[in-house]
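Geometric and topological summary
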There are 2 protein chains.
Amino acid sequence: MQVNTNKPILLVKRTLINIAISENSENIPNKMNLKDLAKVLNLSSSTVSRALNDSHEISIKTKQRVQALAKELNFEPNPNASSLRKQKNKTIAVVVPDITNHFFSKVIEGIETIAQDKGYHILIYFTFESYAKEVSILKHLSNGRVDGIILSLSAETNTYEHIKELKERKVPLVFFDRICEDVEAARVTTDNQIAAKSGTKHLLDAGCKKIAFLNFSTSSVTSIQRRQGYIDALNQNKIEVDNSLILDCTTNKDENYQLISNFLMKRSDVDAVFASSENLGTTTYQVCESLGLSIPNKIKVLGFSNMALAPLLNPSFSCITQPAFDIGKEAAQVLFKSIEKPNIDYSDTKIILKSTLVERKSTKQFV
Amino acid sequence: MQVNTNKPILLVKRTLINIAISENSENIPNKMNLKDLAKVLNLSSSTVSRALNDSHEISIKTKQRVQALAKELNFEPNPNASSLRKQKNKTIAVVVPDITNHFFSKVIEGIETIAQDKGYHILIYFTFESYAKEVSILKHLSNGRVDGIILSLSAETNTYEHIKELKERKVPLVFFDRICEDVEAARVTTDNQIAAKSGTKHLLDAGCKKIAFLNFSTSSVTSIQRRQGYIDALNQNKIEVDNSLILDCTTNKDENYQLISNFLMKRSDVDAVFASSENLGTTTYQVCESLGLSIPNKIKVLGFSNMALAPLLNPSFSCITQPAFDIGKEAAQVLFKSIEKPNIDYSDTKIILKSTLVERKSTKQFV
DNA sequence: CTGTTAGCGCCTTCAT
DNA sequence: ATGAAGGCGCTAACAG
């Protein structure tokens, strides 16, 4: 038998493998399983399984043999079989409204950072701000596809039966940002009301008299809290709240463009806009462009936004930035804890992180 | 037997279910399986399975009975069991360098749109521009966790064994943007070279003489093509290429900040910067801010970027925008085709989409 | 049209 | 320290 002197052992092993595999897997050498490995090593599949899972009841020598061959052949145990057997699959779902919003991308990045550390996989779902999509997505997650769910509600969502269903089935659940107060589950959020109040104050301090508030949702707690912060600031400055300055927007960008455009055309007295979401901020800018309302001079715009670039580009653009990356990390940590310690109840966990007001050249944190 | 007159049938069924379940599932009524359903309906589990999968060999009446009860009880078949049996799991992986780059978020949104349509699930992975992470992630995907992979290479990647391994195991694979020419697989990309040439020309037309080029990677085809486009434009204008104007950056933002900062301090002759990635564009802005180089006047910056807001905020900021959403859609469509028609080889598919130069008030497409 | 049977690949008692 | 056997929940082949 001629053998390449560089890697004789490898060659012999490969030969054995090919024999082993052709016996039971119809000559498909790209599919390999525990049994194949076991055959080559002259061990039972249970021993191989234990060795790969680093069980203490396997001799170190055997473990090394098994692990060495597995590594050499790039063997990966079939995750479906493993998950089925263990009723755990080291996979979580992240359900978010959309991802054009930079905030959500960063949160996801935070989640992924922790997940990679802990060897978890992430299934990602977008509701595109639609309640119906949210329901349908969560329904598909109710039966063991994932070990847990991190969720930020769609702007449309105002009933929570679909979420209670998940709780009934004991699926671990963590809310972030667009949280739900009606369901007992861990929450990670930010100081929306305080931040919105400070933001509004920032505009008042700059001399603005007629500050419009753009509401991204009438049902989302997040939007409601921000609206309340806006009202708080006005109250504190003894300014009467003018409801006609509060504009309820939709989840559709084109519709919002029309709404905001019509609004600003009618209301030439408005000298500032507080956009309660990044998308609304962007749309406001576009409207101002097309209406020829020069932003720094005629009108000031402030919004919740996570685009680091924005304040660098225009002196008038201040934004409230949430610690998105940390939100993701916190949410993931709570979720993994509640997955790994199912006997402990984490559903009263509430983590509130602080937002930051980013101006052109300075940064200050809210108190 | 006292029965709530509102929902008598439902109640009876629930009772049956509880009996059925308590017999074999240890009183865990939140876990339900085909067998439980079958028992309640007095059918075999295979019939129920077929009914749920809408098989033509089941009577319409039975189908309706089964589907009605399944819906009522929110029954979802266990995906692991199903995937294990079918050796298909209606799940794909999307592997991207990072997601702070708006481009990648939009691509993912495009992919998700198609995936939702077709009932596929998306596992998402970030390499954070690290070759080692890319290798490790792809290794975990080699054994049936997913039906296919959509991949954009990390900036560090310059060897492709880990990808060839996937091809050997017949995992359907589609590259986008950061594609790989050394592996036979479908590719979706954009006209990088032409776009970079037009962008550079744009700067030359604006009177710039010393245009620096920031390279985001020395190995990525994308970066190489953009660099070549930059050189093409200079050549066409009979300007000699000055290699000292080409700055190789890294995957680390802080390092890049230092590199660019040092560079611009030394080279006061530079009057424009062409950033070959969104991150580099952002960093350049930050450097200019801190060095007091007013962007519109002393220096012009142009870059590949997908932030819609940018050109609205600063007249000097033009950017080359790739059709990210469509790239995602195209990539997903090719992948699903190659999953669903495994006998057809799609590996020579190459789709090239066009980029757009976005200036403050006008938009033009490259020819 | 429906039921019976036999795995998919892994892990986990139980036995040795 | 290792092996044998059974089953996680579903589906497909084979019967009827």
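Here the structure is a predicted model, which means the values were calculated and not measured. (Residues numbered from 1 in each chain as written. Chains lettered and ligands numbered in written order. Predicted model: local features only at pLDDT ≥ 70, side-chain atom pairs only at ≥ 80, totals over all residues. Heavy atoms only, no water.)

1. Observations concerning the protein's contact with DNA strand D
Contacts to DNA strand D come from 27 residues, most closely from Thr47(A), Arg85(A), Leu34(B), Ser49(B) and Arg85(B). Backbone sugar and phosphate groups make up 67% of those atoms of DNA strand D lying within 4 Å of the protein. Between DNA strand D and the protein, one listed contact pairs a base nitrogen with a side-chain N or O atom of Arg50(A) at 2.8 Å. Contributing elements (two or more residues each) for the surface near DNA strand D: helix H3 (45-52) and helix H5 (79-86) of chain A together with helix H3 (45-52) and helix H5 (79-86) of chain B. Of all the elements, H5(B) adds the most residues to the surface near DNA strand D, at four residues. Residue composition of the surface near DNA strand D, by class: seven nonpolar, 14 polar and six charged. (Near = heavy atom within 4 Å. Polar contact = N/O pair within 3.5 Å; in protein donor to acceptor, adjacent residues only side chain to side chain. Helix = DSSP H or I, 4+ residues; strand = E, 2+ residues; numbered from the N terminus. Nonpolar A, V, L, I, M, F, W, Y, C, P; charged D, E, K, R; others polar.)

2. A look at helix H8 (residues 161-168) of chain A
All names here are of chain A. If you check which residues of H8 are buried, you get His162, Ile163 and Leu166. Mapping the buried residues of H8 onto a view down its axis gives an arc of 100°, with all of them on the same face. Facing away from the buried side of H8 by more than 90 degrees, the exposed set consists of Glu161 and Glu168. On its buried side, H8 packs onto helix H7 (131-140), strand S3 (148-151) and strand S4 (173-176). In the stretch just after H8, Lys170 is the one whose phi turns positive, near 65°. (Buried < 20%, exposed > 50% of the residue type's maximum accessible area, 1.4 Å probe, protein only. Arc of directions from axis to C-beta. Contact = heavy atoms within 4.5 Å.)

3. Things to note about the protein's contact with DNA strand C
As a matter of local geometry, DNA strand C sits amid 26 residues, with Leu34(A), Arg85(A), Ser46(B), Thr47(B) and Arg85(B) nearest to it. In DNA strand C, the atoms that sit within 4 Å of the protein are 63% sugar and phosphate, with bases accounting for the remainder. The separation between a phosphate oxygen of DNA strand C and a polar side-chain atom of Thr62(B) is 2.9 Å. Counting residues per element, the ones that place at least two in the surface near DNA strand C are H3 and H5 of chain A together with H3 and H5 of chain B. Looking at the surface near DNA strand C element by element, the count peaks at four residues for H5(A). Of the residues assigned to the surface near DNA strand C, the class counts are seven nonpolar, 13 polar and six charged.

4. What to know about the interface of chain B and chain A
On the side of chain A, 60 residues touch chain B, which itself brings 60 residues to the contact. Between the two partners, chain B and chain A, sit two salt bridges. Lys139(B) is the partner of Glu76(A) in a salt bridge, and the nearest nitrogen-oxygen pair spans 3.6 Å. At the junction of chain B and chain A, the tally comes to 24 residue pairs in polar contact (both at pLDDT 80 or more). Sorting the residues of the side of chain B that touches chain A by element identifies H5, helix H6 (102-118), strand S2 (121-126), helix H7 (131-140), helix H8 (161-168), helix H12 (278-291) and helix H13 (310-313) of chain B as the ones contributing at least two each. Tallying contributions element by element places H6(B) first for the side of chain B that touches chain A, with eight residues. (Salt bridge = Lys/Arg side-chain N within 4 Å of Asp/Glu carboxyl O.)

5. Comments concerning the packing of H7(B) against H8(B)
All names here are of chain B. Two numbers describe how H7 lies on H8: the axes approach to 9 Å, and their chain directions differ by 15°. The orientation of H7 with respect to H8, classified from their angle, is roughly parallel. The handedness of the crossing between H7 and H8 is left-handed. For the pair formed by H7 and H8, the contact residues are Tyr131, Glu134, Val135 and Leu138 on the first element and His162, Ile163 and Leu166 on the second. Of the residues contributing to the contact of H7 with H8, the split by class is five nonpolar, one polar and one charged. (Axes fitted to C-alpha atoms, helices over the stretch in contact; angles between N-to-C directions. Parallel < 35°, antiparallel > 145°, perpendicular 65-115°, else oblique. Left-handed = near helix turned anticlockwise from the far one by under 90°.)

6. Notes on the side chain of Lys63(A)
All names here are of chain A. As for its placement among the helices and strands, Lys63 is situated in helix H4 (residues 60-72). There is a polar contact of 3.4 Å between the side chain of Lys63 and the side chain of Asp54. In this structure, Lys63 is in contact with Ala51, Asp54, Ser55, His56 and Ile58, ignoring residues within four places of it in sequence.

7. Focus: the confidence of the model for chain A
All names here are of chain A. Across chain A, the average pLDDT comes to 87, with 86% of residues at 70 or higher. A low-confidence stretch, residues 1-16 (pLDDT under 50), is modelled with eight contacts involving residues beyond four sequence positions or located in other chains. Low pLDDT (under 50) marks residues 19-29, which in the prediction has 15 contacts with non-local residues, meaning those over four places away or in another chain. (pLDDT = per-residue confidence, 0-100.)

8. Brief notes about the environment of Ile351(B)
Residues and elements named next belong to chain B. Take Ile351: it is sitting in strand S11 (residues 350-353). Distance from Ile351 to His162, taken between C-alpha atoms, is 24 Å for residues 189 residues apart in sequence. If we ignore the near neighbours within four places in the chain, the residues touching Ile351 are Arg187, Val188, Thr189, Glu330 and Val334.

9. Some points on the packing of aromatic side chains
Under the defined criterion, the tally for this structure stands at 16 aromatic pairs over all chains. Ring plane angle 85° and centroid distance 5.9 Å describe the contact between Phe126(A) and Phe128(A), whose orientation is recorded as edge-to-face. For Phe128(A), a relative accessible area of 27% puts it in the partly exposed group. A centroid spacing of 6.0 Å and a plane angle of 25° characterise the contact between Phe274(B) and Phe304(B), whose relative ring orientation is stacked. Here Phe304(B) lies in strand S9 (residues 300-304) and Phe274(B) lies in strand S8 (residues 272-275), a separation of 30 residues in the sequence. Using a relative accessible area of 0% as the deciding quantity, one classes Phe274(B) as buried. A residue is classified by how much of its surface remains accessible, and Phe304(B), at 3% relative accessible area, is buried. An aromatic cluster is present here, built from Phe213(A), Tyr230(A), Phe274(A) and Phe304(A) joined pairwise through their rings. The ring of Phe304(A) has Arg226(A) lying over it, and the distance from NZ or CZ to the ring centre is 3.5 Å. (Phe/Tyr/Trp six-rings, centres within 6.5 Å; stacked < 30°, edge-to-face > 60°. Lys NZ or Arg CZ within 6 Å of the ring centre and 35° of its normal.)

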